[in-house]
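Below are the chains, spelled out letter by letter.
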Amino acid sequence: MIEIKNLTKEFQTAEGIVTALKDISLTVPDGDIYGIIGMSGAGKSTLVRCINMLEKPTQGTVEIDGVDLGTLSEKQLRDVRHDITMIFQGFNLLMQRTCLKNVTFPLELEGVKKADAKKRAMELLEIVGLQDKANVYPAQLSGGQQQRVAIARALATSPKVLLCDEATSALDPTTTNSILDLIRDINEKMGITVIVITHQMNVVENICKHVAIIEKGEIVERGEVGQVFSHPKSTAAKHLVFPEGDPGAIIVTEPNETLVRVVYNGAMAAGQPMVSRLAMERGIEANIAYASLRELDGRAYGSMLLGIRGGREKLQEAIEFLTQTEDIIVEEVNQNVQ
């Protein structure tokens, strides 16, 4: 388990002290895929560098399996970093080495015998689907293939934790999805804890179980991905979940309409024509004022704003109908949605 407690990181600049992280506290369970998402400059990369102590926190602690990394000597930290590996946006491969030798490199540093290192590297290249590229140089590979080599290299020391710092930001959507599938597969088969640092909503939606949203160096919201994305509370979360604009100023103009928010919190309801069924089965008219739904692992998350017509009796009947579906929450809202 990774426990970050009251972590603060300050930098001294020519203009004075800059606080990059302020009182960060997070718990990442073993075997989790934990997303940390925020816009550029929010402090994501500084946080991930504090987790493996490439940056020493100004205050607070980072504990892995109960060990406070801040109390360790440099030699002890080097040993711990065998269990905490990293992949980056820029791949960081050694261009003068073949794929095979890139993967054997960390094993060579550990003094592993050449034959054993080669055997391990070939096993890892097979896991990432590049066993046929063992003797190819990185410059001859696509971006997605280079990242797969970087993942294989990161796995060479059999780590407990994999840190992904914007690992898919330089890739096209199709390649991104294939890399995320690979990371999910590694997490499931090897039990490696994964921390994903990103500014991309689709990355968190695709593979993460939990998410923390960081803004201006502070954690403003955290929880299960479905919970946070279906009903965001903080301004930063709303901006990420509703990039086209939070429906916070939608006003009901029809005098006989009452606005309700329908929250999909993991409902098996994606594709169900809820509004059409409401009209056909109950004779209740509903106006869709806003909808933002996404599917995660076959379940629907997000929210929809409906204007229900016909007065209080029809409103109550509509709420009862909509809430018959498991994991759907319906709440009446004011004219100005909060």
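Before reading further, recall that the structure is shown in the block above.
Residues numbered from 1 in each chain as written. Predicted model: local features only at pLDDT ≥ 70, side-chain atom pairs only at ≥ 80, totals over all residues. Heavy atoms only, no water.

Concerning the overall build of the chain
Phase 1 of the analysis: Summing up its helical and strand segments, the chain has eleven helices and 14 strands in all.
Phase 2 of the analysis: Principal axes of the C-alpha set define a box for the chain whose edges measure 75 × 50 × 35 Å.
Phase 3 of the analysis: A buried classification covers 49% of the 338 residues belonging to the chain.
Phase 4 of the analysis: Counting only contacts in the chain whose residues sit at least 6 apart along the sequence, the fraction spanning at least 24 positions is 70%.
Phase 5 of the analysis: Total accessible area on the chain is roughly 16,300 Å²; 47% of this is exposed by carbon and sulfur atoms.
Phase 6 of the analysis: Charge-centre separation for the chain: the mean point of 35 positive side chains lies 7 Å from the mean point of 45 negative side chains. (Helix = DSSP H or I, 4+ residues; strand = E, 2+ residues; numbered from the N terminus. Buried < 20%, exposed > 50% of the residue type's maximum accessible area, 1.4 Å probe, protein only. Contact = heavy atoms within 4.5 Å. Areas by Shrake-Rupley, 256 points an atom, 1.4 Å probe, with all protein chains shown as cover. Lys, Arg positive; Asp, Glu negative; His and termini not counted. Charge placed at Lys NZ, Arg CZ, Asp CG, Glu CD.)

Overview of the nonpolar core
Phase 1 of the analysis: Formed by 51 residues in total, the largest nonpolar core has its most connected members in Ile87, Leu125, Ile151, Ile183 and Phe229.
Phase 2 of the analysis: When residues in this core are grouped by element, the largest group, six residues, is from helix H5 (residues 143-155).
Phase 3 of the analysis: Within the second largest apolar cluster, 29 residues are counted, among which are Ile24, Ile84, Met86 and Ile195. (Core = buried A, V, L, I, M, F, W, Y, C linked by side-chain atoms within 4.5 Å.)

Considerations on empty space enclosed by the protein
Phase 1 of the analysis: Tallied over the full model, the rule gives one cavity of 30 Å³ or more.
Phase 2 of the analysis: By volume, the largest cavity amounts to about 60 Å³.
Phase 3 of the analysis: Taken together, Cys164, Glu166, Ala167, Thr168, Leu180, Ile183, Val196, Ile197, Thr198 and Val203 make up the lining of the largest cavity.
Phase 4 of the analysis: For the lining of the largest cavity, the elements supplying multiple residues, two or more each, are helix H6 (173-190) and strand S8 (193-198).
Phase 5 of the analysis: Per element, the largest residue contribution to the lining of the largest cavity is three residues, and it comes from S8. (1 Å grid on protein atoms, 1.4 Å probe; cavity = no way out; pocket = protein on both sides within 12 Å on 5 of 7 lines; lining within 4 Å. Points joined across faces, edges and corners; volume = space filled by probe spheres on them.)

Considerations on the environment of Ser230
Phase 1 of the analysis: Locating Ser230 in the fold gives a position in helix H8 (residues 225-230).
Phase 2 of the analysis: Residues Ser230 and Tyr301, spaced 71 residues apart in sequence, show a C-alpha to C-alpha distance of 5.1 Å.

Looking at H6
Phase 1 of the analysis: Given a rise of 1.5 Å per residue, 18 residues ought to cover 26 Å, and the 25 Å separating the end C-alpha atoms of H6 matches this to within 8%.
Phase 2 of the analysis: Listed as buried for H6 are Thr175, Thr176, Ile179, Leu180, Leu182, Ile183, Ile186 and Asn187. The buried residues of H6 all sit within an arc of 155 degrees when viewed along its axis, so they share a single face. Across H6 from its buried face, at more than 90 degrees, point the exposed residues Pro173, Thr174, Glu188 and Lys189.
Phase 3 of the analysis: Count one or two residues on from H6 and you reach Gly191, which has phi positive near 70 degrees. (Expected span 1.5 Å × (residues − 1). Arc of directions from axis to C-beta.)

Details of the sheet that holds strand S3 (residues 33-37)
Phase 1 of the analysis: Strand order in the open sheet formed by six strands is S6-S7-S8-S3-S9-S10, with mixed pairing between adjacent strands. Among the strands making up the open sheet, the edge pair consists of strand S6 (84-88) and strand S10 (218-224). Averaged over all pairs of adjacent strands, the angle between their axes in this sheet comes to 15 degrees, without regard to strand direction. (Pairing = 2+ DSSP bridges. Axes fitted to C-alpha atoms, helices over the stretch in contact; angles between N-to-C directions.)

Focus: the packing of helix H3 (residues 99-109) against H5
Phase 1 of the analysis: Contact pair H3 / H5: the axes reach a minimum separation of 7 Å and the direction vectors enclose 30 degrees. Relative to H5, the element H3 is oriented roughly parallel. For the element pair H3 and H5, the recorded crossing hand is right-handed. The residues of H5 that touch H3, namely those facing Cys99, Asn102, Val103 and Pro106, are Val149, Ala152 and Arg153. (Parallel < 35°, antiparallel > 145°, perpendicular 65-115°, else oblique. Left-handed = near helix turned anticlockwise from the far one by under 90°.)

What about the pattern of salt bridges?
Phase 1 of the analysis: Under the counting rule described, the total for this entry stands at 13 salt bridges.
Phase 2 of the analysis: Arg97 is the salt-bridge partner of Glu108, the closest N and O atoms lying 3.2 Å from each other. You can see Glu108 sitting in helix H3 and its partner Arg97 sitting in the loop between S6 and H3, a full eleven residues away along the chain.
Phase 3 of the analysis: Here Glu108 falls in the partly exposed class, since its relative accessible area comes to 39%.
Phase 4 of the analysis: Across the pair Glu285 and Arg309 runs a salt bridge, and its minimum N-O distance is 3.3 Å. Of the two residues, Glu285 is situated in the loop between helix H10 (274-282) and strand S12 (286-296) and Arg309 in strand S13 (residues 299-309); the sequence distance between them amounts to 24 residues.
Phase 5 of the analysis: Linked by salt bridges that have partners in common, Lys9, Arg49 and Glu55 make up one network. (Salt bridge = Lys/Arg side-chain N within 4 Å of Asp/Glu carboxyl O.)

So, the sheet that holds strand S5 (residues 67-68)
Phase 1 of the analysis: A sheet is described by the order of its strands in space; here four strands give the open sequence S2-S1-S4-S5, paired in antiparallel fashion. Each edge of the sheet is formed by a strand with only one pairing partner; in this case those strands are strand S2 (16-28) and S5.
Phase 2 of the analysis: Alignment of strand S1 (residues 2-13) against strand S4 (residues 59-64), held across five bridges, turns out to be antiparallel. Paired with Ile2 across the strands is Ile64, a residue of S4.

Quick notes on the layout of surface pockets
Phase 1 of the analysis: The volume enclosed by the largest pocket comes to roughly 610 Å³.
Phase 2 of the analysis: Arg81, Ile84, Thr85, Met86 and Pro106 are the residues nearest the centre of the largest pocket, which is lined by 19 residues in total.
Phase 3 of the analysis: If you list the elements that add at least two residues to the lining of the largest pocket, you get helix H2 (74-81), S6, H3 and H5.
Phase 4 of the analysis: The element that contributes the greatest number of residues to the lining of the largest pocket is S6, accounting for five residues.
Phase 5 of the analysis: Of the residues assigned to the lining of the largest pocket, the class counts are ten nonpolar, five polar and four charged. (Nonpolar A, V, L, I, M, F, W, Y, C, P; charged D, E, K, R; others polar.)

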